[in-house]
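Given next are the chains, with one letter for each unit.
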Amino acid sequence: MKAFLFDFDGTLANTLPVAYYAFQQVFDMYDGKELTNEDVRNMFGPPEPEIIRENLQHQDKEEAIERFLHIYEQNHEELVKQNQDITDMLNMLQERKYKLAIITGKSRATLDISLKKLHMDEACFDSIITGDDVEEAKPHPEGILKTLRDLKVEKSEAMFIGDSNADMEAGKRAGLFTAGVQWLPEFQSSKFSVEPDQMYQKVSEFVESLG
């Protein structure tokens, strides 16, 4: 392996709680609609602004998007804690000269907030593809294939690591070795309908597998 490609929410950071909260607040404020965490998960795919544009009934969609970003940022520190195991893993992979990438359906705006709040320096990633950078969201493999071109690595030299069925399907469709992870408190898929090539319940299991 020369490169490790990571999903973000539920994989590199436990950001799902703040995403759930921000969506729930916005849909309650503007539509008077109460959403469960599962309701929010079922809307995942496009970046957050598109989710709001597609699903909010209220006409002030752009205002609602600004409200979402404000809530996401203001509640991030309370709802999302830095994970030392993840930090140590990324540092170790960097030291071993692996290429690292993020491929996320998140918008660039929310990803930038999370990277800053969690002190995950953007410079440690050789490529970052957000939902704003692709025409087709996961499970389409567009983001992964674009990343491989950016990194100049072959499919056989890269692993895609994520926590959702969409991640596993995207990885398989791109022809990569896939790893399904459930190593953070919140993850999207408790059972994978698309079977990963490898499963990791703990960050330490992944690190040990590298030898």
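Everything that follows concerns the structure shown earlier in this document.
What counts, and at which threshold
Residues numbered from 1 in each chain as written. Predicted model: local features only at pLDDT ≥ 70, side-chain atom pairs only at ≥ 80, totals over all residues. Heavy atoms only, no water. Pairing = 2+ DSSP bridges. Helix = DSSP H or I, 4+ residues; strand = E, 2+ residues; numbered from the N terminus. Axes fitted to C-alpha atoms, helices over the stretch in contact; angles between N-to-C directions. Contact = heavy atoms within 4.5 Å. Salt bridge = Lys/Arg side-chain N within 4 Å of Asp/Glu carboxyl O. Expected span 1.5 Å × (residues − 1). Buried < 20%, exposed > 50% of the residue type's maximum accessible area, 1.4 Å probe, protein only. Polar contact = N/O pair within 3.5 Å; in protein donor to acceptor, adjacent residues only side chain to side chain. Left-handed = near helix turned anticlockwise from the far one by under 90°. Nonpolar A, V, L, I, M, F, W, Y, C, P; charged D, E, K, R; others polar.

Chemist: Would you mind going over the sheet that holds strand 1 (residues 3-6) in detail, with residue names and values included?
Modeler: Here we have 6 strands laid out as an open sheet, ordered 3-2-1-4-5-6, and parallel in their pairing. One side of each edge strand has no neighbouring strand; the edge strands of this open sheet are strand 3 (127-129) and strand 6 (198-200). Recorded for the sheet is a direction-independent mean angle of 20° between the axes of neighbouring strands. As judged from the 3 bridges shared by strand 2 (residues 99-103) and strand 3, these two strands associate in the parallel manner. Residue pairing for strand 3: I102 is matched across the bridge by I128. Strand contacts of helix 8 (residues 142-151): strand 1, strand 2, strand 3 and strand 4 (158-162), with the helix running at about 160° to strand 3, the strand carrying the most contacts.

Chemist: Please provide a residue-by-residue account of the pattern of salt bridges, values included.
Modeler: All told, the structure shown has 11 salt bridges when counted by the stated rule. Ionic pairing is found between K2 and E157, a salt bridge with its closest N-O pair at 3.2 Å. Here K2 is found in the segment before strand 1, whereas its partner E157 is found in the loop between helix 8 and strand 4, with 155 residues between them in sequence. Of the charged contacts in the structure, one is a salt bridge between D133 and R108, with a shortest N-O distance of 3.4 Å. With D133 in the loop between strand 3 and helix 8 and R108 in helix 7 (residues 108-117), this pair connects stretches of sequence that are 25 residues apart. Here the residues in one salt-bridge network are D7, K138 and D167, joined through shared partners.

Chemist: Which residues make up helix 6 (residues 84-95), and what values go with them?
Modeler: An ideal rise of 1.5 Å per residue puts 16 Å on 12 residues; helix 6 measures up with 16 Å between its terminal C-alpha atoms. Taken residue by residue, helix 6 has I86, T87, M89, L90, M92 and L93 as its buried positions. Tucked inside the fold, the buried residues of helix 6 contact strand 1, strand 2 and helix 10 (203-209). For helix 6, the N-terminal cap is N83; the gap from its side-chain oxygen to the backbone nitrogen of D85 is 3.0 Å. One or two positions beyond helix 6, positive phi appears at K97, with a value near 70°.

Chemist: So what's going on with the packing of helix 1 (residues 16-31) against helix 4 (residues 61-74)? Residues and values would help.
Modeler: Two numbers describe how helix 1 lies on helix 4: the axes approach to 9 Å, and their chain directions differ by 140°. Note on packing geometry: the crossing formed by helix 1 with helix 4 is right-handed. Only E63, A64, R67, F68, I71 and Y72 of helix 4 make contact with helix 1, whose side of the interface consists of V18, A19, Y21, A22, F23, Q25, V26, M29 and Y30. Tallied by class, residues from the contact of helix 1 with helix 4 come to 12 nonpolar, 1 polar and 2 charged.

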